[in-house]
Amino acid sequence: MADDHAEIRELAARVARDVYGPIAETLDVNRTPITREQRMRLGELGFLGIAHPEEYGGSGQPLSQALTVVEEFGKVCRPAAFQIFEANTGPAQVINHLGTDEQKQRWLPAIVSGEKTMAVGISEPDAGSAATDMRTTGKLTNGTVVVNGNKRWISNGGEADQYVVYCRLSDAPGAKGIGAVVVDKDTPGFSFGASERLMGFRGIPSADLYFDNVEVPEENIVVPAGGFNKLFGVFSIERMGNTTMSLAIGQAALDKTLKYVEEREQFGKQLIEFQSIQVMVADMILQVEAARLLRDAAAASAEPTGIPDPLKVSLAKCTANEMAKRVTDLAMQIHGGNGYTEEYGLERLHRDAHGWAIAGGTPTMQRTRIVSEVLGRKFDQRR
Ligand SMILES: Cc1cc2nc3c(=O)[nH]c(=O)nc-3n(C[C@H](O)[C@H](O)[C@H](O)COP(=O)(O)OP(=O)(O)OC[C@H]3O[C@@H](n4cnc5c(N)ncnc54)[C@H](O)[C@@H]3O)c2cc1C
C-alpha cells in the first residue's frame, strides 16, 4: 500500500534512531524526561506542530501525518515520542479545537516550537473510569476562577508549563457542570505530588496536581460548564495518539523478533524453522496488522474536521492496547533469556505497553463505548 507520509516517516525514523534512540535506555533507567533542548529540537524539525494550523506555527497537516511521526519515535524512544504525542494529539488540541483565537495565539505557538508544554488533568483519586465523578471545582467570581481539588496520574505532571484542568465550573450535577480551564505551573496555590514510580512510562514523569484556592483569570476558561461532550470529542484525538504508541510498541517488538528468529539457532537450526515459533510469529504479525488497519481507518475518519469517529477510535485503541501487551509478551518469550534482559529493550516495551492500555480509558471502558456506539444506546454504569 502506498505510504502518503513516506518522506516524513523516513526523516522521523532517522532522527529517532540516530538522535533519540541512543538515549532511550538511559532515560528509562534514570526515569528522566528529555531535556528542554532536546524537545526544542523536535520543534525545530516541525514535529510538534504537524496537526496544528499554520497561523499558530504548525504545518496544518492531517492527523495521520502526526501519527506517523509519533509511531517512528514510539518504536525507539517513548520519552521523545511522548512530547510529539502531547503536542499534536494531547491537550493542545483542546485549545486548537475549542479555544478562542486569542487563546490559540497565546498558547499554541510556544507548544509548537517546543518552548512550552501542556499536560491534561482529568483523573482524580476517586474519578478514573468514572471521570464525571470528578470533584475539582472552579468557582467564577468577578472575572477570576478559583480552582480547588486534586488530580491523579497526570503525565508530565510537575514538568509541564501549563495544565488543561477539567473541573466543575458550575453546580450542575454529573457531566453537565464540567468544563476546562488552563492553569499555569507557577500559579500560587498550585503544587505537585512526588514523582510516581511507575512500572513503565519511565522518562515520562507522572505526578498528582493539588489546587488550593488557585486563582486564574476568566480568560483561561477554554470550555465552560456544559461542554464535557465537546471535550471528550476532542479527547478522541488523544486516544489516536495513545493507539499509535501501542502500535509502535507492538511493531518494534515484532521487528526485533523477526530479526532474532533468523539469527538465533537451537538444535542446529534457526528458531524460525520450528513450526510453533512460526505460529507465534504469525500471531504477532496478525495482531500488529489488525491494529494498524483499525488505527488507519480511525485516522482517516478524522478528515476533514480533525476529529475522528469515536467508534473507530475505540475499536482501534482497544485492539492496539491489547495487541501491544500480547505481542511484547510473545517477543520476550521468543527471545528466551535475552528477552528478560534490559539490554534487548523488550521488557521496556512490555512495561510501557501496560501503561498505554490504562491511560486514556481502559480497554474495558472502550468495549462499553463500542457497544454503546454500535447500538446507539447509553449504558448508565451507575444503575
Ligand atoms: C501511565 C498512565 C498515564 C496517565 N496519564 C493521565 C493523564 O495525563 N491525565 C489524566 O487525567 N489521567 C491520566 N491517567 C489516568 C487514567 O486515565 C486512569 O488511570 C484510567 O482512566 C483508569 O482509571 P483508574 O486508574 O482510576 O481505574 P478504575 O477506574 O478504578 O478502574 C479499575 C478497573 O476497573 C475497571 N472498571 C471501571 N469501571 C468499570 C465499569 N463500569 N465496568 C467494567 N469495568 C470497570 C477498569 O477497566 C479497570 O480495569 C494515566 C494513567 C496511567 C496508568
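Every value quoted in this text rests on a predicted model; they were computed, and no experiment measured them.

Describing unusual backbone geometry
Trans is the common state for peptide bonds, and a negative phi is the common state for residues other than glycine. Between E303 and the following residue, P304, the backbone shows a cis peptide bond with an omega angle of 5 degrees. Here P304 is to be found in the loop between α8 (275-300) and α9 (310-334). Here N156, not a glycine, exhibits a phi torsion of approximately 70 degrees, which is positive. Relative to the elements of secondary structure, N156 occurs in the loop between β3 (144-155) and β4 (162-168). Positive phi, close to 55 degrees, is recorded for F267, a residue that is not glycine. Its place among the elements puts F267 in the loop between β9 (265-266) and β10 (269-270).

Re helix α6 (residues 101-113)
End to end, α6 covers 18 Å across 13 residues, agreeing with the expected 18 Å (1.5 Å per residue, within 8%). At W107, α6 shows its largest bend, some 30 degrees, and a proline, P109, comes one to four positions later. Just downstream of α6 lies G114, where phi reads positive at about 90 degrees.

With respect to the nonpolar core
With 109 residues, the main nonpolar core has F73, A81, I84 and V181 as its most contacted residues. The element that contributes the greatest number of residues to this core is helix α7 (residues 228-263), accounting for 14 residues. If sequence neighbours within four positions are ignored, V181 has contacts with G138, V145, V147, V165, C167, V216, N220, I221 and V222.

A word on the packing of α9 against helix α12 (residues 363-375)
Axis separation between α9 and α12 bottoms out at 9 Å; the angle between their running directions is 150 degrees. In terms of orientation, α9 lies roughly antiparallel with respect to α12. The handedness of the crossing between α9 and α12 comes out as left-handed. In this structure, α9 uses P310, L311, S314, L315, K317, C318, N321 and E322 to contact α12, whose residues at the interface are P363, Q366, R367, R369, I370, E373 and V374. Class assignment of the residues belonging to the contact of α9 with α12 gives a composition of seven nonpolar, three polar and five charged.

Details of the pairing of β4
Counted residue by residue, β4 has seven buried out of seven residues, so it is predominantly covered. Because side chains alternate across β4, one face comprises the buried residues Q162, V164, Y166 and R168, and the other comprises Y163, V165 and C167, equally buried.

Description of the site of the ligand
The ligand sits among 21 residues. The nearest are I122, G128, S129, S155 and T364. Looking at the shell around the ligand, the elements with two or more residues in it are β1 (118-121), β3, α11 (346-358) and α12. Split into classes, the residues belonging to the shell around the ligand amount to 10 nonpolar, 11 polar and no charged. Taken domain by domain, the shell around the ligand gets at least three of its residues from each of domain 2 (119-226) and domain 3 (229-375).

Structural notes on helix α4 (residues 78-89)
The buried fraction of α4 amounts to 12 of the 12 residues, a majority that puts the element mostly inside the structure. Three or more residues of α4 are buried, namely R78, P79, A80, A81, F82, Q83, I84, F85, E86, A87, N88 and T89.

Overview of the domain arrangement of the protein chain
Accessible area lost during the coming together of the parts is what is often quoted as the interface size. As assigned here, the protein chain comprises domain 1 (6-116), domain 2 (119-226) and domain 3 (229-375). Of note, the centres of domain 1 and domain 2, computed from C-alpha atoms alone, are 23 Å apart. With 18 residues of domain 1 at the interface, the matching set in domain 2 holds 15 residues. In terms of residue class, the side of domain 1 that touches domain 2 is built from nine nonpolar, four polar and five charged.

So, the pairing of strand β7 (residues 206-217)
Pairing geometry for β3 and β7, over nine bridges, is antiparallel. Bridged to V147 within β7 is V214. Across three bridges, the pairing between strand β6 (residues 190-192) and β7 is antiparallel. Bridge assignment links S191 to a residue of β7, and that residue is Y210.

Regarding the environment of L294
One can find L294 in helix α8. Excluding residues within four positions of it along the chain, L294 makes contact with L315, A316 and T319.

Cut-offs applied
Residues numbered from 1 in each chain as written. Predicted model: local features only at pLDDT ≥ 70, side-chain atom pairs only at ≥ 80, totals over all residues. Helix = DSSP H or I, 4+ residues; strand = E, 2+ residues; numbered from the N terminus. Expected span 1.5 Å × (residues − 1). Bend = angle between axes of the 7 residues up to and from the residue. Core = buried A, V, L, I, M, F, W, Y, C linked by C-beta atoms within 7 Å. Buried ≥ 20, exposed ≤ 12 C-beta atoms within 10 Å, placed from the backbone. Contact = placed C-beta atoms within 7 Å. Axes fitted to C-alpha atoms, helices over the stretch in contact; angles between N-to-C directions. Parallel < 35°, antiparallel > 145°, perpendicular 65-115°, else oblique. Left-handed = near helix turned anticlockwise from the far one by under 90°. Nonpolar A, V, L, I, M, F, W, Y, C, P; charged D, E, K, R; others polar. Near = placed C-beta within 6 Å. Domains from an automatic or database assignment. Pairing = 2+ DSSP bridges.

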